[in-house]
Amino acid sequence: MADVKENEPDMPNGGEKEETQSSENTMNQTIYVNNLNEKPSKKKLTEQLYSLFSPYGSILEIVAAKRQKMRGQAFIVFKDITSASNALREMNGFEFLGRPMSIQYAKSKSDAVSKLDGTYIEKKRERENDQDKKKAKKQQTKKPSTTAKPKAASTANAQAAPLQPREAPPNKILFVENLPEQCEEMMLNMLFSQFPGFQGISMTTAKKGVAFVEFDDDSKSAVAMTHLQGFKVTPEKPMVISFAAQ
DNA sequence: AGCACA
């Protein structure tokens, strides 16, 4: 297994420029994307977003609406929060259909998620009014017993955490990310073709720094993955390898 | 700019 040091002190500055943090929202498995091109139809846009974001993990749902208030925006509901985190990190500011996407965590939980939790309420009949609760139950100690979701022990860590391979069932196709922009198919070929069962590379035209590598079967791809995981093409960019999503 | 889902 990979030894990961979780407690090493972070360097205050990695030389990265800190731009205005657009996402001060708390972590959410749903990401809110805006500044999208408003020309394509809702269906078309949703399709594009699916193919763009599915490499980061299973997508439960994509919600986009056509109303004036909602156009140019979309909600990508991931199955895992780490997928959302990775997608946000990687794709924020990425130029999509001629415009740089802006991505934040969604402010609230998606219905698709609530339905899986069992906490879904049919209509917006129930508004949580804190006023009422405070007045009625002043001294009541609220004890989350049943459906208490495990609160992230460190809420701030995940967003600052470096890109990590995502969890996915074995697949003969590997998803490689965090590649430097100057990385070309040729050099990936040289790296991966040394492992048995290598079939080929396919770089997505949509996004640089990402590639798919295919092997004969998932045992062969697993070998290559363990050997090349974290391999640094350049000192700043260790490649992150996962099994491709179905 | 703009945080929804019936």
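Procedures and definitions
Residues numbered from 1 in each chain as written. Chains lettered and ligands numbered in written order. Predicted model: local features only at pLDDT ≥ 70, side-chain atom pairs only at ≥ 80, totals over all residues. Heavy atoms only, no water. UniProt positions renumbered as here; feature names shortened; annotations may be inferred. Pairing = 2+ DSSP bridges. Helix = DSSP H or I, 4+ residues; strand = E, 2+ residues; numbered from the N terminus. Axes fitted to C-alpha atoms, helices over the stretch in contact; angles between N-to-C directions. Contact = heavy atoms within 4.5 Å. Polar contact = N/O pair within 3.5 Å; in protein donor to acceptor, adjacent residues only side chain to side chain. Near = heavy atom within 4 Å. Nonpolar A, V, L, I, M, F, W, Y, C, P; charged D, E, K, R; others polar. pLDDT = per-residue confidence, 0-100.

In the nomenclature of an unreviewed UniProt entry, chain A is known as U2 small nuclear ribonucleoprotein B of Heterostelium pallidum. Under Subcellular location (unreviewed entry), UniProt gives the following word-for-word description of chain A: "Nucleus". Heading Sequence similarities (unreviewed entry) of the UniProt record for chain A holds this comment: "Belongs to the RRM U1 A/B'' family."

## Quick notes on the sheet that holds strand E6 (residues 102–105)
Sheets are built from strands paired through backbone hydrogen bonds, the pairs being either parallel or antiparallel. The four strands lie next to each other as E2-E3-E1-E6, forming an open sheet whose pairing is antiparallel. At either end of the open sheet lies a strand with only one pairing partner, and these are strand E2 (59–63) and E6. When the angles between neighbouring strand axes are averaged without regard to direction, this sheet yields 20°. Of the strand pairs in this sheet, E2 and strand E3 (residues 74–78) are connected by four bridges, and their pairing is antiparallel. Of the residues in E3, the one forming a bridge with Val63 is Phe75. Where helix H1 (residues 42–53) meets the sheet, it contacts strand E1 (30–34), E2, E3 and E6, and its direction lies at approximately 145° from that of E2. Across the sheet, helix H2 (residues 81–91) touches E1, E3 and E6, and the angle it forms with E6 is around 155°.

## A look at the environment of Gln194
Structurally, Gln194 can be placed in the loop between helix H6 (185–192) and strand E8 (198–203). At a separation of 2.8 Å, a polar atom in the side chain of Gln194 contacts the main-chain carbonyl oxygen of Leu191.

## Considerations on the protein's contact with DNA strand B
In the neighbourhood of DNA strand B, 21 residues make up the surrounding shell, with Asn25, Arg67, Arg71, Ser110 and Asp111 lying closest. At the protein interface, 32% of the atoms of DNA strand B within 4 Å belong to sugar or phosphate. Take Asn35: an N or O atom from its main chain is 3.2 Å from a base oxygen of DNA strand B. With respect to DNA strand B, the side chain of Lys69 contributes an N or O atom lying 3.1 Å from a phosphate oxygen. Elements with a contribution of two residues or more to the surface near DNA strand B: E1 and E6. Broken down by class, the residue content of the surface near DNA strand B amounts to six nonpolar, eight polar and seven charged.

## Looking at the confidence of the model for chain A
Per-chain confidence: chain A averages 79 in pLDDT, with 74% of residues scoring 70 or above. Segment residues 1–23 is flagged for pLDDT under 50; beyond a separation of four residues in sequence, or across chains, it makes eight contacts in the model. Every residue in residues 125–160 scores below 50 in pLDDT, and together they form 13 contacts with partners more than four places removed in sequence or on other chains.

## Observations concerning the sheet that holds E8
Taken in spatial order, the four strands line up as E8-E9-E7-E12 in an open sheet, and their pairing is antiparallel. Since the sheet does not close on itself, it has two edges, and those belong to E8 and strand E12 (240–243), each with one partner. Pairwise comparison of adjacent strand axes, ignoring direction, gives a mean angle of 25° for this sheet. Two elements, E8 and strand E9 (residues 211–215), share five bridges in a ladder whose sense is antiparallel. Opposite Gly200, over in E9, you have Glu214 as the bridge partner. Relative to the sheet, H6 contacts strand E7 (173–177), E8, E9 and E12, its axis offset from that of E8 by approximately 155°.

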